[in-house]
Amino acid sequence: MHLDEIKQALLESYRSDGGINHLDGANLPSQASVNQLAADCMHLLFPGYFEESVLTERALPAHVTQLLAKIDQRLTAEIEKCLRFAQVPKPTAEARERSTAVLSQLPALRKLIQTDVVAAYQGDPAARSVEEIIVAYPCVLVISLQRLAHVLYHLGVPLLPRMLTEFGHERTGCDIHPGARLGSHFFIDHCTGVVIGETATVGAHVKLYQGVTLGAKSFETDPDGNPVKGVKRHPDIGDNVTIYAHATILGGDTSIGARSIVGSNVWLLKSIPADSVALFKGDSVVVRSRRKHEALVGHSAAGPLPESSPGEWQI
Amino acid sequence: MHLDEIKQALLESYRSDGGINHLDGANLPSQASVNQLAADCMHLLFPGYFEESVLTERALPAHVTQLLAKIDQRLTAEIEKCLRFAQVPKPTAEARERSTAVLSQLPALRKLIQTDVVAAYQGDPAARSVEEIIVAYPCVLVISLQRLAHVLYHLGVPLLPRMLTEFGHERTGCDIHPGARLGSHFFIDHCTGVVIGETATVGAHVKLYQGVTLGAKSFETDPDGNPVKGVKRHPDIGDNVTIYAHATILGGDTSIGARSIVGSNVWLLKSIPADSVALFKGDSVVVRSRRKHEALVGHSAAGPLPESSPGEWQI
Amino acid sequence: MHLDEIKQALLESYRSDGGINHLDGANLPSQASVNQLAADCMHLLFPGYFEESVLTERALPAHVTQLLAKIDQRLTAEIEKCLRFAQVPKPTAEARERSTAVLSQLPALRKLIQTDVVAAYQGDPAARSVEEIIVAYPCVLVISLQRLAHVLYHLGVPLLPRMLTEFGHERTGCDIHPGARLGSHFFIDHCTGVVIGETATVGAHVKLYQGVTLGAKSFETDPDGNPVKGVKRHPDIGDNVTIYAHATILGGDTSIGARSIVGSNVWLLKSIPADSVALFKGDSVVVRSRRKHEALVGHSAAGPLPESSPGEWQI
């Protein structure tokens, strides 16, 4: 078989096996362009951190003007592609408007993202400075990009939000859907393997470790066998909750009460009340009040949980 | 110590600590070149998806001719390096032949990969369009490259297949060995942490979640303490099987029967029959027929599994 | 809202929300520069492996001279930034000295890293050659960079060591803190999801699988709520220990005795003696002597562990 025959066979397969190639339709955002957009936004959110040379107070206004214009141009272009793809009327004007709407959120996002940086510094004994968090902790990239993608998601822009969070997922191993609602002071240590679903909500001052899943149970499918979209499928995590490594919490009606602690490897399909501790007892999960638990084990339950003891109640 | 002394010490270590440097031998494929090859193949498999500008039906033939020639040239060169490294006779002619053999498989691979895209769309309620799957789901990259690497693996090309799958592993956190045999309609959600071993087989319409391992038990070693290569070490997964997050299935004589479901965190070292459900009961894995299970829990076992109940049988 | 207003709001937020921007202070190492440094060091450690063209014995001295000078220049510059940031006196002279100190360790590091390559070849039946390990196994990159970062860590250089290990973490999903002490012949199979904390120690001939955590229990906080830094928080792993996928070992006073085996998914908060086997029995971890275990199961415990049997003792 020669290259020319292979070419003909490929062209034929583009015709016959439609559905995975996208021609003469609206052009889609290119990954290279989305990657550049993500990098530029990180520079704008953390001025002076990722530049090759010193960025002075004096040079800052010109720097911001230039960077903002560059981001606006690219963001508008990529949003327009997404809107054309979704056949939204007046895509050009709409894209300009939504790009401005996103950028106008940046100062508020910075305020929020700063709380994540503080939470990381306070949450990890290995961190020696706030600067170390920003230049070397994966949670900063993945949470910042999700917060940005979340704004796009709520503006009804298709494709682009998920491409932005996937940029973060690829670099950190942490997959947070753009739809997830994240509170302030959010820290994810190590990041690798964490999955947070589209309809999950996470309160303020929540701390997750590697491998935690906030996922879905079963889902409904329509007569064509396609899943029904947009149903609440993922859990709600209260304020000040800590979830240790590889815990799995599933279901749209599952909620973790405020100030509760979920132990390493715990697998939860049901809600637990505020101020409780869930730990793994193998054939089931055991839950007790945090006060009772700390009395039993004789110290604060800030760390992974010891083996359980009599008197606890099952869920 | 000055740089010159350090240089001398390094040159001396290249001589004395041989085995990790590769000089004057066959040159090995460069990672940069393999990365470019992987990217070009994705462009050829999904025309119009990853281009910066619109790709028209009209421009397609010229585009394919050019891209195919570029890929053939690079693929032939890298295969030749691998064959020289393995001291295969007539490496130049052999490389040309095997490169053509790989490229002639591309139309068939496209057909297969399209089934994976459909499976992802049908398998994830969060997916809003087939296009979103292709531009933003890591499973598309990692499965497509493994299917390509699998062709090279069967042509007896060393090094290159593993370098291609490692390109996918680095970007997705999903490590599928080139030797694994994957059926059609294969969906891996989230991808991070999934490991599929060299001698594993996966049926059609199989769905995996993050952190699933299809791995090996112990292996034999030869008198020099090196493992014996090429033994069947990894499990066989039947058609229409679903395996939830962080399940671990080990062993070359372990098979999961068709239409079975393996629950989150289950750890399996033994086979289970068709139409069964395996769930984690802590001190052992419990298996029951799917019909019985669904009668017990009162709903389809499409989601993660509830706690077990009496009457089930142990494996 | 126009771009100019957004710019003003951003400039205002840079002033008001201080703490996440870094201006007119010491410039920090740029990620791009650290990435180049990591790549250049891999080239120097593995000459002839990652070059585009053949590297001959004859061309080697000139190649090393040039590469070493390039690395020294960049390393000195980045170290100086870190020392200025930490307000170390005489940062320029100090940086020059510490860069030389790091580079003078390279020959010794090569010797050590070669033992890791051998361990990977002997530890994985799927590996067909030592060359395949170096060009396609993620453990080589992440362990080599951690060994390099560990030298910088002990020279008291802030920021840079963690940036180097994060480069490896981003590419492999394996997060090894620069402070961790790693023995020779260290093999991590698949790498994804592995976390090794700052104060962990790992003996010689240790083998880890994907998803293993060597982590911390609870930690002390000071009156401001910031964690107390520098306390021993992570476990000690003895020589010739094997730890299977997704096992979690926590605590600074937890030690795993030499030649012991920790089974898949085991969750350990307490020490186990030498020559023992720890396996998961759901509501607790069961430990027995390796001799007893192998008598019970009738074969070497080189693979994942079968279900337990009576007569073992609890920890």
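Conventions we followed
Residues numbered from 1 in each chain as written. Chains lettered and ligands numbered in written order. Predicted model: local features only at pLDDT ≥ 70, side-chain atom pairs only at ≥ 80, totals over all residues. Heavy atoms only, no water. Salt bridge = Lys/Arg side-chain N within 4 Å of Asp/Glu carboxyl O. Helix = DSSP H or I, 4+ residues; strand = E, 2+ residues; numbered from the N terminus. Buried < 20%, exposed > 50% of the residue type's maximum accessible area, 1.4 Å probe, protein only. Contact = heavy atoms within 4.5 Å. Buried area = accessible area lost by both parts, 1.4 Å probe. Polar contact = N/O pair within 3.5 Å; in protein donor to acceptor, adjacent residues only side chain to side chain. Nonpolar A, V, L, I, M, F, W, Y, C, P; charged D, E, K, R; others polar. pLDDT = per-residue confidence, 0-100. Pairing = 2+ DSSP bridges. Expected span 1.5 Å × (residues − 1). Least-squares fit on C-alpha atoms with pLDDT ≥ 70 in both. Axes fitted to C-alpha atoms, helices over the stretch in contact; angles between N-to-C directions. Parallel < 35°, antiparallel > 145°, perpendicular 65-115°, else oblique. Left-handed = near helix turned anticlockwise from the far one by under 90°. Lys, Arg positive; Asp, Glu negative; His and termini not counted.

Asks: Give me the lowdown on the pattern of salt bridges, citing residues and values where you can.
Replies: Residues and elements named next belong to chain C. Applying the stated criterion across every chain yields a total of 42 salt bridges over all chains. Of the charged contacts in the structure, one is a salt bridge between Asp 4 and Lys 7, with a shortest N-O distance of 3.8 Å. Here the residue Asp 4 and the residue Lys 7 both occupy positions in helix α1 (residues 3–16), the gap between them amounting to three residues, near one helical turn. The class for Asp 4 is partly exposed, based on a relative accessible area of 47%.

Asks: Now, about the interface of chain A and chain C: what can you tell me, with residues and values included?
Replies: At the junction of the two partners, chain A supplies 66 residues and chain C supplies 65 residues. Looking only at chain A, the three residues that lose the most surface to chain C are Arg110(A), Pro125(A) and Val135(A), adding up to 11% of its buried area. The tally of links between chain A and chain C comes to two salt bridges. In this structure, the salt-bridge partner of Asp17(C) is Lys111(A), at a minimum N-O distance of 3.0 Å. The interface formed by chain A and chain C contains 11 residue pairs in polar contact (both at pLDDT 80 or more). Ranked by residue count, the leading element in the side of chain A that touches chain C is helix α5 (residues 106–123) of chain A, at nine residues. Broken down by class, the residue content of the side of chain A that touches chain C amounts to 33 nonpolar, 18 polar and 15 charged.

Asks: I'd like a rundown of the confidence of the model for chain A, residues and numbers included.
Replies: All names here are of chain A. Predicted confidence across chain A gives a mean pLDDT of 88, with 89% of residues reaching 70 or more. Contacts of residues 301–315 to residues separated by more than four positions or lying in other chains number 61 contacts, the stretch itself having pLDDT below 50. Taken over the whole predicted complex, pTM reads 0.92, whereas the ipTM for its chain interfaces reads 0.90.

Asks: Quick one: what's the story with unusual backbone geometry, residue by residue and with numbers?
Replies: For Asn240(A), which is not glycine, the phi dihedral falls at a positive 55°. Its place among the elements puts Asn240(A) in the loop between β8 (236–237) and β9 (242–243). Although it is not a glycine, His205(C) adopts a positive phi angle of roughly 55°. In this structure, His205(C) sits in the loop between β5 (201–202) and β6 (207–208).

Asks: An account of the sheet that holds strand β1 (residues 175–176) of chain B is needed here, citing residue identities and associated values.
Replies: Residues and elements named next belong to chain B. Within the open sheet, the five strands sit side by side as β1-β4-β7-β10-β13. Their pairing is parallel. Because the sheet does not close on itself, it has two edges, and the strands there are β1 and β13 (267–268). With two bridges connecting them, β1 and strand β4 (residues 195–196) associate as parallel partners. The partner of Ile 176 across the bridge, within β4, is Ile 196.

Asks: Outline helix α7 (residues 138–154) of chain B, listing residues and values.
Replies: With 17 residues, α7(B) extends 25 Å from end C-alpha to end C-alpha; this agrees with the ideal 24 Å at 1.5 Å per step. In terms of residue burial, α7(B) counts as a mostly covered element, since 15 of its 17 residues are buried.

Asks: Break down the relation of the copies chain A and chain B for me, with residues and values.
Replies: Superposing chain A onto chain B takes a rotation of 120° plus a shift of 0.0 Å along the axis, which leaves an RMSD of 0.0 Å. Interpreted geometrically, this transformation is the action of a three-fold axis. A share of only 8% of interface residues in chain A that are also interface residues in chain B marks the association as one of differing surfaces.

Asks: Could you give an account of the packing of helix α3 (residues 60–85) of chain C against helix α4 (residues 91–103) of chain C, with specific residues and numbers?
Replies: All names here are of chain C. Orientation of α3 relative to α4, taken along the N-to-C sense of each, is 130°, at an axis distance of 8 Å. Taken together, the axes of α3 and α4 lie oblique to each other. Our pair here, α3 against α4, has a crossing hand that is right-handed. Between α3 and α4, the contacting residues are Leu 68, Ile 71, Asp 72, Leu 75, Thr 76, Ile 79, Glu 80, Leu 83 and Arg 84 on the first element and Pro 91, Thr 92, Glu 94, Ala 95, Arg 96, Arg 98, Ser 99, Thr 100, Val 102 and Leu 103 on the second.

Asks: I'd love a proper account of the side chain of Arg162(C), names of residues and values included.
Replies: Along the chain, the position of Arg162(C) falls in helix α8 (residues 160–172). The charged side chain of Arg162(C) is buried without a salt bridge, its nearest counter-charge being Asp175(C) at 4.3 Å. A distance of 3.0 Å separates polar atoms of two side chains, one belonging to Arg162(C) and the other to Tyr137(A). Not counting chain neighbours up to four residues away, the residues in contact with Arg162(C) comprise Asp124(A), Ala126(A), Glu132(A), Ala136(A), Tyr137(A), Asp175(C), His177(C) and Pro178(C).

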